[in-house]
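So you can see what is in the structure, the chains are spelled out below.
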Amino acid sequence: AYDLIGRWNDQGFMVILPQTSISGAKIVAERIQKNIRNVPVIVADDTFSLCTSIGLSKFDQSDINSVDELLVLAKSALSAARQTGSNQVVYSWELN
């Protein structure tokens, strides 16, 4: 199995890490968020930084029966990350 990244919708990307543990996926998500935040963007004479909101969900066969359920969890985590001021990583299993 391969790790995949691709556009999910107009405003987001999805990263699929099929052979990665939860702790490993958390490290990847936090590393992506940190690297995006720390790389300056220079346009003409202006320099600014970007931020990202990341919602992380996990596929647990005892709790999730379909890809649609997994996507609902990811969307919920992403929404929570955006509502907390962006530039956050939120884990679906820590909600509620």
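Quick look at the structure, then.

Conventions used here
- Residues numbered from 1 in each chain as written.
- Predicted model: local features only at pLDDT ≥ 70, side-chain atom pairs only at ≥ 80, totals over all residues.
- Heavy atoms only, no water.
- Helix = DSSP H or I, 4+ residues; strand = E, 2+ residues; numbered from the N terminus.
- Buried < 20%, exposed > 50% of the residue type's maximum accessible area, 1.4 Å probe, protein only.
- Pairing = 2+ DSSP bridges.
- Core = buried A, V, L, I, M, F, W, Y, C linked by side-chain atoms within 4.5 Å.
- Contact = heavy atoms within 4.5 Å.

A look at unusual backbone geometry
Thinking step 1. In this structure, Ser-86 takes a positive phi of about 60° despite not being glycine.
Thinking step 2. Its identity as a non-glycine residue notwithstanding, Asn-87 has a phi of 55°, on the positive side.
Thinking step 3. Inspection of the secondary structure puts Asn-87 in the loop between helix H2 (67–83) and strand E6 (89–91).
Thinking step 4. By relative accessible area, Asn-87 is classed as partly exposed at 22%.

So, the pairing of strand E2 (residues 12–16)
Thinking step 1. For strand E1 (residues 4–9) and E2, the ladder comprises five bridges, and the chain directions are antiparallel. The residue bridging Ile-5 from the neighbouring strand is Val-15, located in E2.
Thinking step 2. Where E1 folds back on E2, the antiparallel hairpin that results is connected by two residues.

Things to note about the nonpolar core
Thinking step 1. Core analysis: the biggest nonpolar cluster contains seven residues, these being Leu-17, Ala-25, Ala-29, Ile-54, Leu-56, Val-89 and Tyr-91.
Thinking step 2. The set of elements that each furnish at least two residues to this core consists of helix H1 (22–38), strand E5 (54–56) and E6.
Thinking step 3. The residues touching Val-89, leaving out its near neighbours within four places in the chain, are Ala-29, Glu-30, Gln-33 and Ile-54.

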